[in-house]
Amino acid sequence: MAFHCRYITVSRMVVEVAQMASQEEVLERLRSSFLAGKTRDAKFRLSQLEALARFLEENRKEICHSLKMDLSKPQFESELSELSLVRSEINLALSSLSSWMKDEYVTKNLATTFDTAFIRKDPFGVVLIIGPWNYPVHLTLLPLVGAIAAGNCVIIKPSEISQHTERLLADHLPRYLDKDCFAVICAGADDTSRLLENKFDYIFFTGNTHVGKIVMAAAAKHLTPVTLELGGKNPCYVDEECDINNAARRISWSRYFNAGQTCLAPDYVLCTQKTRDQLVEALKATVMEFYGQDPKVSPDLGRIINNRHFHRVSALLSNGNIVLGGQTDEAEKYIAPTILIDVKESDPVMQEEIFGPVLPILTISGLDMAIEFINRRERSLATYVYSSKSQVVQQFLERTSSGGFCANDGLLHSTLMSLPFGGIGHSGMGKYHGKFSFDTFCHQRACLLRSDGREKLNEIRYPPYTQRHLGMAVYAMEVKKGWSCSIQ
């Protein structure tokens, strides 16, 4: 695949190609800075987090414009989902960094009573963050906050698909961050593959499962730990006993937000035939309320990122029967908010993550069948349940598995920095947000500090071994049931 950064002049392209030829030099520069200890100081980390906050504030208009150019993203959605969440993450890190960085003292056994035992939060080193195109600011910079807070040097690789935002990050972000510790590299598929041949100390990837496997395979060659934030088909069960109108509004918002290009969006609905008929009518009314008679002219509905994805999503419209939407415009990469019924489990729309404004509804007999249907499939990034009965919600919580769970709404659990965000199985591995981000980018180093004296206490573990010494050693080292040791 060709190099995907876009340029106005040939000379700029030549310059950028030359920069791509020096990936290894950039990596070496960052590694030298890390080994020199430049990122370990708390004041340095705070200064870089403050600089990142200034980048967001001083380039707010340009960021919103680039998102408009890439995704026709309404400013409301850009402010809410791209800028606000990153600001929250930065503010939390700034206010909490001191406590996060402190050594964590742990309990001890009898054998280590006079020692000091603690966990030191060490940075990994040089981290690679590969961002996606659907939320190209939020999902690139949010993990960056955690990596900076944890004291790492970072190479940021924005998605080349959201080209205007990629260019903005490449042009402006380096002016705010220390160039010896942080770098932005523009790269298409081939150059990213070459980048992944280098040894990193941690890789954080957000994107689809296919590329996630490639990233993981590349990391495995160097035994590099990874976080993979992927996606999947998030199920949404609508119970017969729920407020249908409220459910329709919340499902519509979470499905059609960012033109459906959200890894956490409900990907399909399960409900009974009776509920389906009521829900379809409520969804129709909601789409009219949100986007008007002709959603194409609504300023609040985005567009598909590029022609390839437009054709991919458009092809799914032939599945089942369309009861709402279905209109497309290739020139604008527009796909109307669409509802499909009479969809079969074997249909193509149920074989892949839709990543577009299309919502299939499948009918099932009830709760048990819905849970059985969900559990036959790969584990999703989120599971959604709409019901006024707490027993139904608890059934889903206890009998299904997913990265996250939300009852009677969509997406909102991901806005809480106090909750971990991440997938499980097919939908990813690892977690971040808030302190979870800091912990992800830290190596928790086990530390024990002993005196070089008191040697008499150690004699029970030295040869020649005796049965008496074995009993004493076991007693000193084992944790007994109900026994709590002091921390200090």
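Residues numbered from 1 in each chain as written. Predicted model: local features only at pLDDT ≥ 70, side-chain atom pairs only at ≥ 80, totals over all residues. Heavy atoms only, no water.

The name recorded for the protein in an unreviewed UniProt entry is Aldehyde dehydrogenase, from Xenopus laevis. One UniProt comment on the protein, placed under Sequence similarities (unreviewed entry), says "Belongs to the aldehyde dehydrogenase family." (UniProt positions renumbered as here; feature names shortened; annotations may be inferred.)

Caption draft 1: The arrangement of the overall build of the protein in detail. Within the protein, the secondary structure is distributed over 16 helices and 18 strands. Here the protein has a C-alpha radius of gyration of 26 Å; the compact-globule value for 488 residues is 23 Å, and the two agree. By its C-alpha atoms, the protein is 85 × 65 × 40 Å across when sized along the principal axes. Within the protein, counting contacts between residues at least 6 apart in sequence, those at least 24 apart form 72% of the total. (Helix = DSSP H or I, 4+ residues; strand = E, 2+ residues; numbered from the N terminus. Rg over C-alpha atoms; globule rule 2.2 N^0.38 Å. Contact = heavy atoms within 4.5 Å.)

Caption draft 2: Examining the sheet that holds strand 16 (residues 402-407) more closely. Across the sheet, seven strands lie side by side as 10-13-14-9-8-15-16; this open sheet has mixed pairing. In this open sheet, the two strands that pair with only one neighbour each are strand 10 (321-324) and strand 16. When the angles between neighbouring strand axes are averaged without regard to direction, this sheet yields 25°. (Pairing = 2+ DSSP bridges. Axes fitted to C-alpha atoms, helices over the stretch in contact; angles between N-to-C directions.)

Caption draft 3: Layout of the confidence of the model for the protein. Across the protein, the average pLDDT comes to 94, with 94% of residues at 70 or higher. In the predicted structure, residues 1-21 sits below a pLDDT of 50 and forms 35 contacts with residues beyond four places in sequence or in another chain. (pLDDT = per-residue confidence, 0-100.)

Caption draft 4: Summary view of the UniProt feature "active site" (unreviewed entry) in the protein. Residues given the UniProt feature "active site" (unreviewed entry) here are Glu229 and Cys263. The greatest C-alpha distance among the residues just named is 9.2 Å, despite their covering 35 residues of sequence, which places them together in space. Note on placement: Glu229 falls in strand 7 (residues 226-229). Judged by its relative accessible area of 1%, Glu229 is buried. Leave out the neighbours within four places in its chain, and Glu229 touches Phe204, Phe205, Thr206, Gly207, Phe421, Gly422, Gly423, Ser427, Met429, Gly430, Lys431 and Tyr432. Within the secondary structure, Cys263 sits in the loop between helix 10 (244-256) and strand 9 (266-271). Excluding residues within four positions of it along the chain, Cys263 makes contact with Asn134, Leu230, Gly231, Asn234, Glu353, Phe355, Leu381 and Phe421. (Buried < 20%, exposed > 50% of the residue type's maximum accessible area, 1.4 Å probe, protein only.)

Caption draft 5: Main features of the nonpolar core. Residues Phe55, Leu141, Leu144 and Val238 are the most contacted members of the largest nonpolar core, which totals 107 residues. It is helix 6 (residues 138-149) that contributes the most residues to this core, eight residues altogether. Excluding residues that lie within four positions of it along the chain, Leu141 makes contacts with Leu52, Phe55, Leu56, Val86, Leu169 and Leu173. In this structure, Met350, Leu362, Ile364 and Phe373 belong to the second largest nonpolar core, which totals 26 residues. (Core = buried A, V, L, I, M, F, W, Y, C linked by side-chain atoms within 4.5 Å.)

Caption draft 6: Here's a closer look at helix 13 (residues 367-375). Listed as buried for helix 13 are Leu367, Ala370, Ile371, Phe373 and Ile374. Taken down its axis, helix 13 places every buried residue within 160° of arc, on the same side. Packed against the buried residues of helix 13 are strand 8 (234-238), strand 9, strand 14 (358-363) and helix 14 (390-399). (Arc of directions from axis to C-beta.)

Caption draft 7: Spotlight on the side chain of Lys233. Its location among the elements puts Lys233 in the loop between strand 7 and strand 8. A relative accessible area of 11% means that Lys233 is categorised as buried. Looking at Lys233, its side chain comes within polar contact range of the main-chain oxygen of Glu352, at 2.7 Å. Beyond its immediate stretch of four places on either side in the chain, Lys233 contacts Asp267, Tyr268, Val349, Met350, Gln351, Glu352, Glu353, Ile354, Arg377 and Ser380. (Polar contact = N/O pair within 3.5 Å; in protein donor to acceptor, adjacent residues only side chain to side chain.)

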